[in-house]
Amino acid sequence: MSHNHHHHHDHNAFNYNRAFAIGLILNGGFVVVEAFSGIFYNSLALLADAGHNLSDVLGLVLAWGANMLSQRSPTKRYTYGFRRSSILAALLNATLVLVAMGAVAWEAVRKFVNPQSVPGGVVIGVALVGVVINTITALLFMSGRKEDMNIRGAFLHMAADALVSVGVVLAGIAIAVTGWLWFDPAVSLVIVMVVVVNTWQLFRESLNLALDAVPEGIEPAAIRTYLTELPEVDQVHDLHIWAMSTTETALTAHLVIPKGYPGDAFLSRVSQHLHDQFGIEHPTIQIETGDPNQPCTLAPENRV
């Protein structure tokens, strides 16, 4: 039996520390200004936006914390380090946004029943600041959104916010022009729908990763085929693929090689291929000869 570990860590933590710090200062300050304006001018759209922006600030804190944690070295107890915290942060981030949107929708429905006057000009002014701040923050995370789900959570959060603020600007203009008070809650509901649709994907993916599903974009059948078709290999079983973090994927597999251990060069080659072709950062491969007197207890497909 032989194990091979192939490490390839590509962390962009240092890039994002600055992004998180700038994002938190900008958004934290904006939430305070916006909440006060919403209360003072009695605008649901502003208060809803402030609530949503607050969930953003929490989301940024979460994502940053997880980003830092996932850099920490493994310990005797946490042998994988704290990598999975990035998955939990992405899941929590998505949940936060969905809960915040539920609150906005509830409030908007109440406002339909009992519309209240809103000074359009103030709403437009405050929301425009929001568009700028959220757009700047979203752009800070844009480069990492493809590789890291945790960074994507932060990016989506901010991009959704920029959208919300654009909607608030439109509501303000519409109310100023027409005097129709129902524009305020109507725009809130439209925004809720847009944000929920966008966030649902992140929620689903992060929940799947938290449950050790194969990460999206990795095809288990293709990996099984590759391993099975290796000239030395007779059979593949106990194949597992899961996410260690939002950026790293691990794999374990038992390869039945009747001729016995094929040497370190074989493992090195297979590990390199798994990394280059399938994005597997951390493969662990067990070699067996398939001795009928010593059958592997994990060979049956239904065994875990």
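Scroll up a little and you will see the structure.
Let me begin by describing the structure that accompanies this report. Not measured: the values here are computed from a predicted model. (Residues numbered from 1 in each chain as written. Predicted model: local features only at pLDDT ≥ 70, side-chain atom pairs only at ≥ 80, totals over all residues. Heavy atoms only, no water.)

### Examining the nonpolar core
Put simply, the test is: Nonpolar cores are built from buried Ala, Val, Leu, Ile, Met, Phe, Trp, Tyr and Cys residues. Side-chain atoms within 4.5 Å join them into one set. We call a residue buried when its accessible area falls under 20% of the maximum for its residue type, exposed when it is over 50%, and partly exposed in between, using a 1.4 Å probe and counting protein chains only. A helix here means a DSSP run of H or I that spans at least four residues, while a strand means a run of E at least two residues long, and both kinds are numbered starting from the N terminus.
Counting residues in hydrophobic clusters, the biggest one holds 22 residues, and the most contacted among them are M101, V168 and V195. Among the elements of the structure, α2 (44-69), α3 (85-113), α4 (120-141), α5 (149-178) and α6 (183-210) are those that each provide at least two residues to this core. Per-element tally for this core: the top contributor is α4, with six residues. Formed by 21 residues, the second largest nonpolar core is a distinct cluster that contains I218, Y226, I241 and I287.

### Brief notes about the environment of A159
Secondary-structure assignment places A159 in helix α5. With relative accessibility at 26%, the residue A159 sits in the partly exposed group.

### Quick look at the pattern of salt bridges
Note the threshold: For this document, the term salt bridge refers to a Lys or Arg side-chain nitrogen within 4 Å of an Asp or Glu carboxyl oxygen.
Applying the stated criterion across every chain, the model contains seven salt bridges. Notably, a salt bridge pairs E301 with R224, separated by 3.9 Å at the nearest N-O pair. Here E301, found in the segment after β3 (282-288), pairs with R224, found in helix α7 (residues 220-228); they are 77 residues apart in sequence, far enough to count as distant.

### A few points about unusual backbone geometry
Positive phi is not limited to glycine here, since D212 has a value of about 65°. By the secondary structure assignment, D212 is in the loop between α6 and α7. Residue D212 is classed as partly exposed on the basis of its relative accessible area, which comes to 41%. The backbone of D238 sits at a positive phi, close to 50°, despite the residue not being glycine. Looking at where D238 falls in the secondary structure, it is placed in strand β1 (residues 235-243).

### Side note on the side chain of H254
In plain terms, the rule: Working rule for contacts: check all heavy atoms of both residues, and any pair within 4.5 Å makes them a contact.
Secondary-structure assignment places H254 in strand β2 (residues 249-256). The class of H254 is buried, set by a relative accessible area of 7%. Leave out the neighbours within four places in its chain, and H254 touches Q235, V236, H237, D238, Q286, E288, C296 and L298.

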